[in-house]
Amino acid sequence: MRILYITPGTGDNFYCENCLRDNIVVKGLNATGHQASIVPLYLPVQADTGLAAGDAPIFFGGVNVYLQQKLGIFRHSPRWLDRLLDHPRLLEAAGRMSGMTNNRDLGALTHSMLLGEHGHQAKEVARLLGFLTGGARPDVVVLASSLLIGLAEPLTRGLGVPVVCQLQGESGFLDAMPPPWRSRCWRAMAAGCHHVAAFITVSSYYRELMIRRLALDPQRVHVVHIGLEVDDFPPRAGEPPAAAVGFLSRLCPMKGLDLLVDAWLDLRRQPRFARLQLHLAGGWLGSDLPYIRTQLRRIKHAGGLRDVRLRDARRREDKRRFLAGCTVLSTPARDPEGYGLFLLEAAATGVPVVQPDTPPFPEILRQSGNGVVYPAADPNGLRDALGVLLSDPTARSRLARQGRAGVAAHFDLAAYARRTAGVLDEAAAFSAARSAR
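Residues numbered from 1 in each chain as written. Predicted model: local features only at pLDDT ≥ 70, side-chain atom pairs only at ≥ 80, totals over all residues. Heavy atoms only, no water.

## Re the packing of aromatic side chains
Under the defined criterion, the tally for this structure stands at three aromatic pairs. For the ring pair Tyr 205 and Tyr 206, a centre distance of 6.4 Å and an interplane angle of 50 degrees mean the geometry is tilted. What makes Tyr 206 buried here is its relative accessible area of 1%. Across from the ring centre of Trp 181, 4.7 Å away, lies the NZ or CZ of Arg 184, which sits over that ring. (Phe/Tyr/Trp six-rings, centres within 6.5 Å; stacked < 30°, edge-to-face > 60°. Buried < 20%, exposed > 50% of the residue type's maximum accessible area, 1.4 Å probe, protein only. Lys NZ or Arg CZ within 6 Å of the ring centre and 35° of its normal.)

Right, dumping it as structure tokens:
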């Protein structure tokens, strides 16, 4: 089966689980005999072991998309100018500035993208279709996010193949928009769902949420838990000599960095944790810098800056070193997420985790077995859970053993690829039968 993943890239600025997930599944599908590839949108697709997009050009270049939204002249600009604006260096610079757009502009742009060929980026839709119809036709197209659902209708019509859409955390993004864009975007997304053959989501929690929010037919929404090639993250030899709490995600309020800083500073007031280190990795956008500086000023004021380590974990070997240096890992995200890839990477490495009881973390940890959850509503819950685990090497050792076994049993990459292929094959067969009638 020829499978095409259309994936929004984020550049190389922060730990992007969506990019990594799409690279993982494409790798797994190819390993099981399918022909899967990625076409990137906006910015280059992040990959910690090479770019799965191969030679595919970037469509909907971030600079072009923004200018077409703001200025009507760019909706009819010549191709030579579009190519200039899609230059990799310019896109790289745009990636560093991502997140600087105000909420109103971001809402309008998101709504326009959800309208597909009826939005301000219609020229980009036509260019993508021209590229795809000029090569070997895929058997199925996968939209990596429902924020791309505006492409479902033109792709289905232009290619004559089914479109499958992944659901993976978009609700928080839309709900954070100001009115009227929040409701407009939800309505546009719901309208686009009529052109999607099937949906894949990575947790039971998110399946139920999006069925309710988009009024989806439950039979069209399939849960396929994300997979991991366990051998890509060999178990560490032992715990680091200096106790350290780690954070792996984009350094931003949504991921709860300040909550972890609060808990860490509280713990360090206890004599037994006076030299507890804090290891941070995951990168940031330009708009995150004021927030990060605020956290560092708080730490400096408390006299703890010498025990903070800022690490680069964008490449797999860097991520392995980072995880190996953490006694415990915690990314106390404020809102429910689509999934937590970092939980599986930590489990395979043998690092126990402490997470809030916010979905889908309990669902994942029940199967991976490498962590504990605390009540997110308890202001001291994170501090207390970390303190208990940091004080109990026996419990950490048990969670480390359970974690690697749990990932191998429940989140194996080959099984993930087979389950994904099964949904895609079912969608293709249903589409072919419907066309034959």
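## Observations regarding the sheet that holds strand S4 (residues 163-167)
Where strands meet in a sheet, backbone hydrogen bonds hold them as pairs that are either parallel or antiparallel. Spatial strand order, S2-S1-S3-S4-S5-S6: six strands in an open sheet with parallel pairing. Of all the strands in the sheet, the pair left with one neighbour each is strand S2 (35-41) and strand S6 (221-223). Here the strands of the sheet are splayed against their neighbours by 25 degrees on average, with no regard to which way each runs. Contacts between helix H7 (residues 152-159) and the sheet are confined to strand S1 (2-8), strand S3 (140-143) and S4, with S3 contributing the most and set at about 170 degrees to the helix. Of the strands in this sheet, S4, strand S5 (198-201) and S6 touch helix H10 (residues 204-214), which is tilted by about 165 degrees from S6. (Pairing = 2+ DSSP bridges. Helix = DSSP H or I, 4+ residues; strand = E, 2+ residues; numbered from the N terminus. Axes fitted to C-alpha atoms, helices over the stretch in contact; angles between N-to-C directions. Contact = heavy atoms within 4.5 Å.)

## Quick look at unusual backbone geometry
The peptide bond linking Pro 179 to Pro 180 adopts the cis configuration, its omega dihedral lying at 5 degrees. A cis amide bond, omega 5 degrees, links Pro 359 with the succeeding residue Pro 360. With respect to the helices and strands, Pro 360 occurs in the loop between strand S11 (353-356) and helix H15 (361-368). Here Phe 60, not a glycine, exhibits a phi torsion of approximately 55 degrees, which is positive. As for its position among the elements, Phe 60 is in the loop between S2 and helix H2 (62-70). You can call Phe 60 buried: its relative accessible area is 1%. Backbone geometry places Ala 215, a non-glycine residue, at a positive phi of 55 degrees. Positionally, Ala 215 belongs in the loop between H10 and S6.

## Topic: helix H6 (residues 122-133)
With 12 residues, H6 extends 17 Å from end C-alpha to end C-alpha; this agrees with the ideal 16 Å at 1.5 Å per step. Considered for burial, the residues of H6 that qualify are Glu 124, Val 125, Leu 128, Leu 129 and Leu 132. End-on view of H6: buried residues confined to an arc of 135 degrees, all on one side of the axis. Residues of H6 that are buried make contact with S1, S2, H2 and H7. (Expected span 1.5 Å × (residues − 1). Arc of directions from axis to C-beta.)

## Overview of the pattern of salt bridges
Oppositely charged side chains may form a pair once their charged atoms are brought near each other. In total, this model carries 23 salt bridges according to the counting rule given. Note that Glu 117 is salt-bridged to Arg 157, the shortest N-O span being 2.9 Å. Linking Glu 117 in the loop between helix H5 (103-114) and H6 with Arg 157 in helix H7, this pair joins segments that are 40 residues apart in sequence. The salt bridge partner of Asp 288 is Arg 250, with a shortest N-O separation of 2.8 Å. (Salt bridge = Lys/Arg side-chain N within 4 Å of Asp/Glu carboxyl O.)

## Details of helix H12 (residues 289-301)
Its 13 residues place the ends of H12 18 Å apart at the C-alpha level, agreeing with the 18 Å of an ideal helix rising 1.5 Å per residue. If you check which residues of H12 are buried, you get Tyr 291, Ile 292, Gln 295 and Ile 299. Relative to the axis of H12, the buried residues are bounded by an arc of 100 degrees and lie together on one face. Facing away from the buried side of H12, by more than 90 degrees, are the exposed residues Arg 297, Lys 300 and His 301. Turning to H12, the residues buried within the fold contact helix H11 (257-268), strand S8 (277-281) and strand S9 (308-311). With its phi angle positive at about 75 degrees, Gly 303 sits one or two positions after the end of H12.

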